[in-house]
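This is what each chain is made of:
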Amino acid sequence: MQKPEFRYWVLWLFLIGILGIVFLQVISGFNINRLIQGNRRLLSELRVQNDLRMLETDIITIESDLRGAVITADSSHLQNIDEEMLRVNKEMGTMRRAFPSKSTGNDLNQLERLVHEKIEFSRMVLDAFQQQGHIRAQNIINSRKGKELRDSIVSVIARLDSVRHAQLIRITDSTEATGKNARLWGILFTAFVLLAVILSFWYILNQGRQQQRIISLLNESDKRNREVAQMKEQFLANMSHEIRTPMNSILGFTSLLRRTSLENQQREYVQNIHSAGENLLALVNDILDLSKIEAGMMQLDEVRFSLHSLITSVGAMFHEKMKEKELAFDIRIDPVVPDILQGDAVRLTQIIVNILSNAVKFTEEGRIEVAVDPIDVTEQKARIKMVISDTGIGIAPHKQKAIFERFQQAEAETTRRFGGTGLGLAIVKQLVDMQQGNISVYSELGKGTRFEIVLEYKLPDLEQLFSEAMAAEAEPVSLSKIKALIAEDNPMNQHLVAHLMKSWSIEYTIVNNGREALDEIQKEHYSIILMDIQMPEMDGYTATSIIRNELHLSVPIIAMTAHAMLGEKEKCLQLGMNDYVSKPIKETVLYNSIARHAQPLPEKSADKGTLLNLEYLHQLSGNDTDFEKEILGQFLVQTPVELEELESAIDRIDFVAIRKIAHSMKSTVGYVGLAEELHPYLDRIERQAVQENNKDIRTDFLYVNEKTKDAIKEVEVLLRREG
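Each value, and the rule that gives it
- Residues numbered from 1 in each chain as written.
- Predicted model: local features only at pLDDT ≥ 70, side-chain atom pairs only at ≥ 80, totals over all residues.
- Heavy atoms only, no water.
- Buried < 20%, exposed > 50% of the residue type's maximum accessible area, 1.4 Å probe, protein only.
- Helix = DSSP H or I, 4+ residues; strand = E, 2+ residues; numbered from the N terminus.
- Arc of directions from axis to C-beta.
- Polar contact = N/O pair within 3.5 Å; in protein donor to acceptor, adjacent residues only side chain to side chain.
- 1 Å grid on protein atoms, 1.4 Å probe; cavity = no way out; pocket = protein on both sides within 12 Å on 5 of 7 lines; lining within 4 Å.
- Points joined across faces, edges and corners; volume = space filled by probe spheres on them.
- Nonpolar A, V, L, I, M, F, W, Y, C, P; charged D, E, K, R; others polar.
- Expected span 1.5 Å × (residues − 1).
- Pairing = 2+ DSSP bridges.
- Axes fitted to C-alpha atoms, helices over the stretch in contact; angles between N-to-C directions.
- Contact = heavy atoms within 4.5 Å.
- Salt bridge = Lys/Arg side-chain N within 4 Å of Asp/Glu carboxyl O.
- Core = buried A, V, L, I, M, F, W, Y, C linked by side-chain atoms within 4.5 Å.
- Phe/Tyr/Trp six-rings, centres within 6.5 Å; stacked < 30°, edge-to-face > 60°.
- Parallel < 35°, antiparallel > 145°, perpendicular 65-115°, else oblique.
- Left-handed = near helix turned anticlockwise from the far one by under 90°.

Engineer: Tell me about helix α14 (residues 514–521), residues and numbers included.
Structural biologist: The complete set of buried residues in α14 reads Gly 514, Ala 517, Leu 518, Glu 520 and Ile 521. Down the axis of α14, the smallest arc covering the buried residues is 165°, so these residues share one side. By the N-cap criterion, in which a side-chain oxygen at the helix start approaches the backbone nitrogen of a residue two or three places on, α14 is capped by Asn 513, the distance to Arg 515 being 3.0 Å.

Written out as structure tokens, the structure reads:
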């Protein structure tokens, strides 16, 4: 009986503690509010004192500027004097608002009168200086009236400052007293809370020990689950990479081989190799798709697409296989169903491909039909039913539910006879569920199977679609003036990518790992980098991180890798890569990615001998040959030093030094006629240094460095020739 009573006492203490906390919080809030108000008053007083100091400083500044102009007879001292006088008048207005007290009214009136007289006196000196000369202005200054006005102003300001200082002391004392009260209440508040918390915590701790043991067991179990999931993901990633890397070569080279002159039997062998590779790749993709869906990380994309074109193109994929089996194939789309839909066309393609693949596989004779009918069509959306039917072997009734499970087929004999993993329909089911659709199967052994899929799609604005189509201008993408750096360790992949680069007339350099890529990118300009991820010595992730974060280069980087797990693309983009192309590489995908991201290299002079332009130097020297040789010799000495200092400053990220050296180099290169060529780059380096933005500084420096060294070589040749 004692334990429950003690528990109730703890609860009562907890409730009393809550009420005490609320009470103390109110008192603390009151004291804190008084502190805030006191601080505001204190800040206001400090501003007033600062304004007094500013007024005194501006009066003295005006007098100093006038004296300087009169003594030196230099009107440049008077450039800002009108602004200073206006500022003094504005500060007097501020003083009037800051001193509402009657006790300072006389001093404030006197100060305002003296400031007005001082300003008028200054204007009189200024008028005399501008109209009658500095001698007349000096005579007026020597009359000592200005000094008397200034001393009087300083004296009045001192009196006002003493008044405000006394007010400041009073506010400080009041704030200190309030702070002591707040501290006292805070101590009481803390002691009370600690007492209530200690008693409550002691009881809760005893009760929570058993829960902690349970939580530890759950955490251990969750840890094991995460480890298993991580092992599974790592296994899939490794499997994907190990299979896709050789598959990239197999499919790439068979595609190239099919374009050559082959005998019929050879062409058949190549086609069989290519088909086997595609089937193996499809298996890998199925496993990866399941992994993505189960992880809840597969995303749906909304794009506009033509339903008729999509189904027709998918049907064309199976045309040859249907032709071999002499199967009839029909597509029927109800005219009421809109052709242009908005949704995930890729996922719909996957659904149709998987079902049609099974239909072709399990149908030996007869026909396959795809029918699309409307269920509900409005101005904003269309709910449609897609029916894919065949006259194949059919599915037994008791097996129809199991076919949507992973690694399940209707019969064991089916696997032995037709092959397959049983993953296709499992993926179809989950893709349909992701789009909030339904899928049903109706089948009878020996008579065929019918799949019914219900999906809903948005309808795009056709007027906007038409306007965009009319406005779009199709222009061929050119890859001229592009130089690519390819980081790839697999010799077969190197050979394949090199062949593609040659066929697209792209200048390229191939390196074997990330370390070699870093060395190369610091020596040459490149329009784009194709970066493999898994390489010896240094992988693509590390190399990209160094390029972006240490070298600060903005050259586009495309990940070109056999890693195809979900999240891989996002990881590449977060590290600073611009795009992601998975292996096996598709030529059109890689081509379009390069065309989209590559930066054409700066135009190079056709004749390096025309880089120098000494016309400015001739004008400067008056055609003095000896003087020109001296300047050119100085250019040979000074320029390498400046380049070295600029590179060192960039490495240190010393923006002050970068700006200073880049500004100095504009004069250096200007003497030899490189102003038009290099000033835009040096201006950009200087501007980015001022903004402390080093994103493109190194890229601009590499160009300046290259051009300047070319100029040095030309100057050396010129001086040797003129001997």
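That shown, we press on.
Engineer: Can you lay out empty space enclosed by the protein for me, pointing to particular residues and giving the numbers?
Structural biologist: Inspection of the entire model under this criterion finds 3 cavities of 30 Å³ or more. One number sums up the size of the largest cavity: a volume of about 70 Å³. Taken together, Glu 63, Leu 66, Arg 67, Lys 118, Phe 121, Ser 122, Val 125, Ile 141, Gly 146 and Lys 147 make up the full set of residues lining the largest cavity. For the lining of the largest cavity, the secondary structure elements donating two or more residues are α1 (2–72), α3 (105–132) and α5 (145–258). Among the elements that line the lining of the largest cavity, the one with the most residues is α3, at 4 residues. Partitioning the lining of the largest cavity into residue classes produces 4 nonpolar, 2 polar and 4 charged.

Engineer: How would you sum up helix α9 (residues 345–362)? Please name residues and give values.
Structural biologist: Under the 1.5 Å per step criterion, the end-to-end length of α9 is 26 Å for 18 residues, consistent within 8% with the ideal 26 Å. Across the 18 residues of α9, 14 count as buried, placing the element largely inside the fold. If you check the start of α9, you find a side-chain oxygen 3.0 Å away from the backbone N of Arg 347, and it comes from Asp 344.

Engineer: Could you give an account of the sheet that holds strand β12 (residues 579–582), with specific residues and numbers?
Structural biologist: Taken together, the 5 strands give an open sheet; going across it, the order is β9-β8-β10-β11-β12, and neighbouring strands pair in parallel fashion. Two strands close off the open sheet at either side, each with one partner strand: β9 (507–511) and β12. Neighbouring strand axes in the sheet, compared pairwise and without regard to direction, differ in orientation by 20° on average. The sheet contacts of helix α13 (residues 491–503) involve β8 (483–487), β9, β10 (528–531) and β11 (557–561), and relative to β9 the element is tilted by about 170°.

Engineer: Quick rundown of the environment of Glu 642? Include the residues and the values.
Structural biologist: As for its placement among the helices and strands, Glu 642 is situated in helix α19 (residues 625–652). As for Glu 642 and Ala 662, which are separated by 20 residues in sequence, their C-alpha atoms are 8.5 Å apart. In this structure Glu 642 touches Ile 661, Ser 664, Met 665 and Thr 668, once residues within four positions along its chain are discounted.

Engineer: Provide a residue-level description of the pattern of salt bridges, including the pertinent values.
Structural biologist: Under the defined criterion, the tally for this structure stands at 19 salt bridges. With a shortest N-O distance of 1.7 Å, Arg 367 and Asp 330 are connected by a salt bridge. Within this pair, whereas Arg 367 is found in strand β4 (residues 367–377), its partner Asp 330 is found in strand β2 (residues 328–333), the two being separated by 37 residues in sequence. Accessibility expressed as a relative area gives 36% for Arg 367, which makes it partly exposed.

Engineer: Describe the nonpolar core, with residues and values.
Structural biologist: Grouped together as the largest cluster of nonpolar side chains are 41 residues, with contacts concentrated most on Leu 307, Leu 348, Ile 352 and Ile 355. Put simply, the parts of the chain that give this core at least two residues each are α7 (307–317), α9, β4, β5 (381–390), α11 (424–434), β6 (438–444) and β7 (448–458). Per-element tally for this core: the top contributor is α9, with 9 residues. If near-sequence neighbours (up to four positions away) are discounted, Leu 307 is found in contact with Val 337, Pro 338, Asp 339, Leu 341, Leu 348, Val 372, Ile 384 and Met 386. Leu 614, Ile 661, Ile 697 and Ile 712 belong to the second largest nonpolar core, which has 32 residues in total.

Engineer: Hey, could you go over the pairing of strand β3 (residues 340–343) for me, with residue numbers and the actual values?
Structural biologist: Judged by which residues are buried, β3 turns out to be one-sided: Leu 341 and Gly 343 face inward and are buried, whereas Ile 340 and Gln 342, on the alternate face, are not. Two strands pair when backbone bridges link them, and strand β1 (residues 303–306) and β3 are joined in this way by 4 bridges, in the antiparallel orientation. Its bridge partner lying in β3, Arg 304 is registered against Gln 342.

Engineer: Please provide a residue-by-residue account of the packing of aromatic side chains, values included.
Structural biologist: All told, the structure shown has 2 aromatic pairs when counted by the stated rule. Centroid distance Trp 504 to Tyr 591: 5.1 Å. Interplanar angle 80°. Geometry classified as edge-to-face. Of this pair, Trp 504 sits in the loop between α13 and β9 while Tyr 591 is found in helix α17 (residues 587–597), placing the two residues 87 residues apart along the sequence. Of the residues examined, Trp 504 reaches a relative accessible area of 15% and is grouped as buried. A relative accessible area of 22% places Tyr 591 in the partly exposed class.

Engineer: So, the pairing of β7: which residues are in play, and what are the values?
Structural biologist: Counting buried residues along β7, 8 of its 11 residues qualify, which places the element largely inside the surrounding structure. Note: β5 against β7, 10 bridges, orientation antiparallel. Counterpart to Ile 388 in the pairing with β7 is Phe 451. In the sheet, β6 pairs with β7 via 7 bridges, with the strands oriented antiparallel. Looking at β7, one finds that Ser 440 is bridged to Glu 452. Linkage of β6 to β7, two consecutive antiparallel strands, is achieved through a turn of 3 residues, within which Gly 446 is found at a positive phi near 80°.

Engineer: Could you give me a rundown of the packing of helix α20 (residues 655–670) against helix α21 (residues 675–690), with the residues and numbers involved?
Structural biologist: Remark: α20 packs on α21, axes separated minimally by 8 Å, with the N-to-C direction vectors making an angle of 165°. Looking at the two axes, α20 sits roughly antiparallel to α21. Every pair of crossing elements has a handedness; the one defined by α20 and α21 is left-handed. Contacts between α20 and α21 involve Phe 655, Ile 658, Arg 659, Ala 662, His 663, Met 665, Lys 666, Val 669 and Gly 670 from the first element and Ala 675, Leu 678, His 679, Leu 682, Asp 683, Ile 685, Glu 686, Gln 688, Ala 689 and Val 690 from the second. Partitioned by chemical class, the residues of the contact of α20 with α21 number 11 nonpolar, 4 polar and 4 charged.

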